[in-house]
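# Chains, contacts and geometry: an overview
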Amino acid sequence: MKRLIIAAVMAVTLAPLAQAKNAQAVDTRVNGVCGAMVDALQMADPNVVFDMCWRGARDAYQGSPTTCPKKIKQFEQQAEKLDGMKRGEYVQIGEAYRAGCNIGKSSKDAGY
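Here is a short report on the structure shown in this document. The structure presented is a predicted model; accordingly, all values stated were derived computationally and were not measured. (Residues numbered from 1 in each chain as written. Predicted model: local features only at pLDDT ≥ 70, side-chain atom pairs only at ≥ 80, totals over all residues. Heavy atoms only, no water.)

### With respect to the overall build of the protein chain
Within the protein chain one finds five helices and zero strands. Put simply, the protein chain has 112 residues, and 36% of those count as buried. Taking the intrachain contacts of the protein chain between residues at least 6 apart in sequence as the baseline, contacts between residues at least 24 apart amount to 68%. (Helix = DSSP H or I, 4+ residues; strand = E, 2+ residues; numbered from the N terminus. Buried < 20%, exposed > 50% of the residue type's maximum accessible area, 1.4 Å probe, protein only. Contact = heavy atoms within 4.5 Å.)

Structural data, given as structure tokens:
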């Protein structure tokens, strides 16, 4: 879990260094972050993690400012109801969504 969080923080920290100038560059930034999330996972399905990361980026970039916080809160509440491996898997998927939201918001805020 610690490795997953460190990878996400590094990916979000390093992502602004890639000066995205168009939609293709934004896609590259999101792919980099989501790929790092997949590389760091231990329990969750890599396809689900990648898709949820992209969904978070899309929600942050195209959705209203309250979309990501609302969905992140739902992930946290649902994780509280689970235990064991199911909880760990759900937490990883939620963290991927959060990382996607962070990169989507930073891209939007930077005017890309």
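### Topic: the pattern of salt bridges
Scanning the model with the defined rule gives six salt bridges in all. Residue Arg98 pairs with Glu95 through a salt bridge whose shortest N-O separation is 3.8 Å. Residue Arg98 and its partner Glu95 are located together in helix H5 (residues 84-109), separated by three residues, close to a single helical turn. Assessed through its relative accessible area of 27%, Arg98 is described here as partly exposed. In this structure, Lys105 and Asp109 form a salt bridge, with 2.6 Å as the shortest nitrogen-oxygen distance. Of this pair, Lys105 and Asp109 are both found in helix H5, four residues apart, which corresponds to roughly one turn of the helix. (Salt bridge = Lys/Arg side-chain N within 4 Å of Asp/Glu carboxyl O.)

### Concerning helix H4 (residues 67-80)
Taking 1.5 Å as the rise per residue, H4 with 14 residues should run 20 Å; its terminal C-alpha atoms sit 20 Å apart, in good agreement. Thr67, Cys68, Ile72, Phe75 and Ala79 are the residues of H4 that are buried. For H4, the buried positions fall inside an angular range of 120° around the axis, keeping them on one side. Seen from the open side of H4, the exposed residues pointing more than 90 degrees away from its buried face are Lys70 and Glu80. Here the buried face of H4 lies against helix H3 (46-62) and H5. (Expected span 1.5 Å × (residues − 1). Arc of directions from axis to C-beta.)

### Some details on the packing of helix H2 (residues 23-40) against H3
The geometry of H2 relative to H3 is characterised by a closest axis approach of 9 Å and an angle of 140° between their N-to-C directions. Accordingly, the angle class assigned to the pair H2 and H3 is oblique. The chirality of how H2 crosses H3 is right-handed. Facing Asp27, Val30, Asn31, Val33, Cys34, Gly35, Met37 and Val38 of H2, the residues of H3 in contact are Pro46, Val49, Phe50, Cys53, Trp54 and Ala57. Of the residues that constitute the contact of H2 with H3, the class distribution is 11 nonpolar, two polar and one charged. (Axes fitted to C-alpha atoms, helices over the stretch in contact; angles between N-to-C directions. Parallel < 35°, antiparallel > 145°, perpendicular 65-115°, else oblique. Left-handed = near helix turned anticlockwise from the far one by under 90°. Nonpolar A, V, L, I, M, F, W, Y, C, P; charged D, E, K, R; others polar.)

Structural measurements only, silent on function.
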